[in-house]
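Close look at the chain arrangement
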Amino acid sequence: MKIRLLGTAAGGGLPQWNCGCADCTAARRTGAARSQDCLAVSGDGRAWYLVNASPDLRSQLLTAPELAPAPGTRDTPLHGVLLTSGELDHTLGLLTLREAAGLTVHATAPVRRALHSAFPVGPLLAPYTKAQWHTVTPGEPVELAGGLRAEPFALGGKRPRYAADLPGEDGPDRTDWVTGYRFTEEDGGACAVYAPGLADWTPAVDRAVAGADVVLLDGTFSTADELAERTGGARRSPGMGHLAVRDSLPHLARNPGPRYLYTHLNNTNPLAHPASPEAAGLLTGLLADLAAAGAAVAEDGLLLEL
Ligand code: MLT
Ligand code: MN
Ligand code: ZN
């Protein structure tokens, strides 16, 4: 299995275009930027799938040599897209894929419904490309090309803000607005888990990470109060569907074995640029705890070969 981390920032990226905070300013100055959360995965190194489609997708695709079309052809190695949510930072890039001859999109029922109504990507794409939409259901594995299997697991009912009022068969108990995926190879080889939006560490997450080689997980915020402290607002990370790194670390200690990489880092998160002197002060202890748990911060462009 191969995984290319195309982007590792939360919505807005780093630097965020309208933010002049010390971190975004430093990122502008040093070029140490992060693009928005997205990855590509392949079972055989030939057939590739995107997981999420970020607003930065075009430039992300251009940086990944394995995603280039074969010379002299319009044959793309990209076979489809799997979505972990309907959030704009995970779906705006679908419109960037409109030049494709065909496009296969896997999403849960509520996400599919949102992408055909409140944010009508489905109808918008229809005149441009032949899109095929497939419903994924937590617990039901999806067999993909190249011997790759994706098993979705439910991570919660947090809807995108644009879909807050979406009517439908959507009770308050719906838990598949946000999902993670457990990727395995047909022959039982490598296993990777991707969960960029983790509201709570549930027993389903314990099951998903058991036996995994690598786990890419929600690193939006370093602590539950980080956003409030750094922006003067009142929003705490639990209400935003993101378990803070400080609060997921104990679960990593309970589930040793995999290599853990935090991704989807918000521009307020000092872990987004751990090498900076400002971050060092804020991160006293946290970086050591990360290392002790076998965890690290993901980087844009990283290629994992499992
Ligand atoms: C999230 O991950 O919580 C969302 O992408 C937030 C947003 O962009 O509104
Ligand atoms: Mn997001
Ligand atoms: Zn900023």
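Residues numbered from 1 in each chain as written. Chains lettered and ligands numbered in written order. Predicted model: local features only at pLDDT ≥ 70, side-chain atom pairs only at ≥ 80, totals over all residues. Heavy atoms only, no water.

1. Considerations on the pattern of salt bridges
Applying the stated criterion across every chain yields a total of eleven salt bridges. A salt bridge links Arg4 to Glu66; its shortest N-O distance comes to 2.6 Å. Of this pair, Arg4 sits in strand S1 (residues 2-7) while Glu66 is found in the loop between helix H2 (57-63) and strand S4 (78-82), placing the two residues 62 residues apart along the sequence. Taking relative accessible area as the criterion, Arg4 reaches 13% and is therefore assigned buried. Residue Glu66 is classed as buried on the basis of its relative accessible area of 18%. (Salt bridge = Lys/Arg side-chain N within 4 Å of Asp/Glu carboxyl O. Helix = DSSP H or I, 4+ residues; strand = E, 2+ residues; numbered from the N terminus. Buried < 20%, exposed > 50% of the residue type's maximum accessible area, 1.4 Å probe, protein only.)

2. Concerning the site of ligand 1
As a structural note, the neighbourhood of ligand 1 is formed by Glu87, Asp89, Lys158, Arg161, Met240, His242 and His264. The separation between an oxygen atom of ligand 1 and a polar side-chain atom of Asp89 is 2.8 Å. Between ligand 1 and His242, the relevant distance is 2.7 Å, taken from an oxygen atom to a side-chain nitrogen or oxygen of the residue. Relative to its free-state accessible area of 270 Å², ligand 1 is covered by the protein chains to the extent of 75%. Split into classes, the residues belonging to the shell around ligand 1 amount to one nonpolar, two polar and four charged. (Near = heavy atom within 4 Å. Polar contact = N/O pair within 3.5 Å; in protein donor to acceptor, adjacent residues only side chain to side chain. Areas by Shrake-Rupley, 256 points an atom, 1.4 Å probe, with all protein chains shown as cover. Nonpolar A, V, L, I, M, F, W, Y, C, P; charged D, E, K, R; others polar.)

3. Quick notes on the coordination of the zinc ion (ligand 3)
Every protein donor of the zinc ion (ligand 3) is accounted for by Cys19 (SG), Cys21 (SG) and Cys24 (SG), and the metal-donor separations fall at 2.2 to 2.3 Å. Donor residues for the zinc ion (ligand 3) sit on one chain with the sequence pattern C-x1-C-x2-C. (Donors = N, O, S within 2.8 Å, 3.2 Å for Na, K, Ca; no water.)

4. What to know about the sheet that holds strand S10 (residues 191-195)
The sheet built from seven strands is open, its strands ordered S7-S8-S9-S10-S11-S12-S13 with mixed pairing. Two strands close off the open sheet at either side, each with one partner strand: strand S7 (142-144) and strand S13 (295-297). The sheet shows a mean angle of 20° between the axes of neighbouring strands, direction not considered. Here strand S12 (residues 259-263) runs beside S13; their pairing, made up of three bridges, is parallel. (Pairing = 2+ DSSP bridges. Axes fitted to C-alpha atoms, helices over the stretch in contact; angles between N-to-C directions.)

5. Observations concerning the coordination of the manganese ion (ligand 2)
Coordination of the manganese ion (ligand 2) by the protein comes from Asp89 (OD) and His264 (NE2), over a distance range of 2.2 Å. One end of the pair, Asp89, is in helix H3 (residues 88-91); the other, His264, is in the loop between S12 and helix H9 (277-282), with 175 residues separating them in the sequence. Classification of Asp89 as buried rests on a relative accessible area of 12%.

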